[in-house]
Amino acid sequence: MKHIAIIGAGPAGLMAAEAALEQGARVSIYDAMPSAARKFLMAGKSGLNISHSEDEKLFRSRYGAPDGRLAAMIEAFGPVDVERWMRGLGIETFTGSSGRIFPTMMKASPLLRAWLVRLREGGAELHTRQRWQGWEGEALLFDTPEGVQRIGVDATVLALGGASWSRLGSDGKWAGLLEARGVEIEPFAPSNCGLQRDWSARLLAAHEGAPLKGVALSAGGQTVQGDVVITRSGIESGAIYPLSADLRRQIAETGQAVLSVDLLPDVTEETLADRLAAANQRDSISNRLRKAARLDRTKIALVNEVTRGAPPRDAAALAVLLKALPLTLDATAPLDDAISTAGGVSWAALDERLMLKAIPGTYCAGEMVAWDAPTGGYLLTACLAMGRAAGEAAARSL
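How each quantity is defined
- Residues numbered from 1 in each chain as written.
- Predicted model: local features only at pLDDT ≥ 70, side-chain atom pairs only at ≥ 80, totals over all residues.
- Heavy atoms only, no water.
- Pairing = 2+ DSSP bridges.
- Helix = DSSP H or I, 4+ residues; strand = E, 2+ residues; numbered from the N terminus.
- Contact = heavy atoms within 4.5 Å.
- Axes fitted to C-alpha atoms, helices over the stretch in contact; angles between N-to-C directions.
- Polar contact = N/O pair within 3.5 Å; in protein donor to acceptor, adjacent residues only side chain to side chain.
- Disulfide = S-S within 2.5 Å.
- Buried < 20%, exposed > 50% of the residue type's maximum accessible area, 1.4 Å probe, protein only.
- Phe/Tyr/Trp six-rings, centres within 6.5 Å; stacked < 30°, edge-to-face > 60°.
- Lys NZ or Arg CZ within 6 Å of the ring centre and 35° of its normal.

Caption draft 1: Region of interest: the sheet that holds strand β13 (residues 211-219). Across the sheet, seven strands lie side by side as β17-β16-β13-β14-β15-β12-β18; this open sheet has antiparallel pairing. Each edge of the open sheet carries a strand with a single partner, namely β17 (325-329) and β18 (331-332). Note that β13 and strand β16 (residues 257-262) share three bridges and pair antiparallel. For Ser218, the partnering residue across the bridge sits in β16 and is Ser260. Strands in contact with helix α9 (residues 244-254) are β12 (195-196), β13, β16, β17 and β18; relative to β16, the strand with the most contacts, it is inclined by about 140°. Seen against the sheet, helix α13 (residues 315-323) touches β16 and β17 and runs at an angle of roughly 110° to β16.

Caption draft 2: View of the environment of Asp262. As for its position among the elements, Asp262 is in strand β16. Distance in space between the C-alpha atoms of Asp262 and Leu322 is 6.2 Å, their sequence separation being 60 residues. Within the local environment of Asp262, its side chain forms a polar contact with the backbone nitrogen of Leu264, the two atoms lying 3.0 Å apart.

Caption draft 3: Looking closely at the side chain of Asp81. Position of Asp81 among the secondary structure elements: in helix α5 (residues 79-88). Within the local environment of Asp81, its side chain forms a polar contact with the backbone nitrogen of Gly78, the two atoms lying 2.8 Å apart. Here the side chain of Asp81 touches Arg84 through a polar contact of 3.0 Å, side chain to side chain. Beyond its immediate chain neighbours, meaning those up to four positions away, Asp81 contacts Glu75 and Ala76.

Caption draft 4: Structural detail: the state of the cysteines. In total, this model carries zero disulfides according to the counting rule given. Between Cys193, a free cysteine, and Cys383, which holds the nearest cysteine sulfur, the sulfur-to-sulfur gap is 17 Å. By relative accessible area, which is 1% here, Cys193 ends up buried. Among the cysteines around Cys383, which has no disulfide bond, Cys364 carries the closest sulfur, lying 13 Å off. Judged by its relative accessible area of 12%, Cys383 is buried.

Caption draft 5: Structural detail: the packing of aromatic side chains. Inspection of the entire model under this criterion finds nine aromatic pairs. On the numbers, 5.0 Å between centres and 40° between planes, the contact of Phe59 with Tyr378 is tilted. Separated by 319 residues along the polypeptide, Phe59 in helix α3 (residues 56-61) and Tyr378 in helix α14 (residues 378-397) bring together distant segments of the chain. The ring of Trp165 carries Lys39 above its face, with NZ or CZ at 5.5 Å from the centroid. It is Arg181 that lies over the ring of Trp135; its NZ or CZ is 4.4 Å from the centre.

Dropping the structure here:
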């Protein structure tokens, strides 16, 4: 029986372990943290959005990757397969009004417990507090509470995560170990993250933590409707995450990004201009925005912030501004605060089976590979699909 090491006990690693067991391999799972899948558990605290029910072709289009390999893996193990796999663990699912797929109990912990039981019953051994340190000859090196351990295996699947939420074990420190062996690593970048802007002291004093309700955000040809929260350092919310990759690219190219904010997405520009024109022209701009445009205090404060207290008085020009308020952003949130990260092991470093070309017998899966996707179930589905592909390839190649 061949022995496969899985390094990283997150969703990609655990799925790789399951796939390798199904192929008849002996499987050992190693993780640096005291327990498995800590980031997975944290992600599930507010409701485990594990996949999405939209059209499969549209689903696969959500991913940023240089070729068709990731799409093929997701086609082989996509949303329907994820739901079937969860039911096999005794976890029923439901689809929310947005099309997102959740376990009925919403949390990640029951799913993880059932999964770990099945892996253990299948023969997998989980070793925690084992921090991978690279290789010594052909042996894997681990820093453990008992000292350095050397493990000989037939193949290895690396599922070490990206470089955000380091307190939960995803710190990206593995990158140097692979670079030293000739593996191309693309720089990490925050994804699904907030954006930074220097607000005036006046705005922060009155509106820090306040939501901009029911706005439409546009960047890079994409529009997302929802709420946005004003934070001390900028803006944050799930509505901004799908746009963060494009905004990040704008910032990298020019030093700034411009987010277009429609403060009244359910009102046409013409209707808004008529309302503003019909208002008492002797009123202050703020009163016209409150009475005629029906903006709340936070939205009025944002208009004044962007225009430096001098929005146009002309009704048509003011309507244009309110429908596309240009909010300049200076930076992404810090890497460690991002929900996920772009960058990591370059696809050019991997063959069709996710094996590292520079290190035969070593495979990569999950967020440590250089792909990107928004929240909404896409991240977890891809990690599961890649883990399954890598685990099967590692076992079959032997």
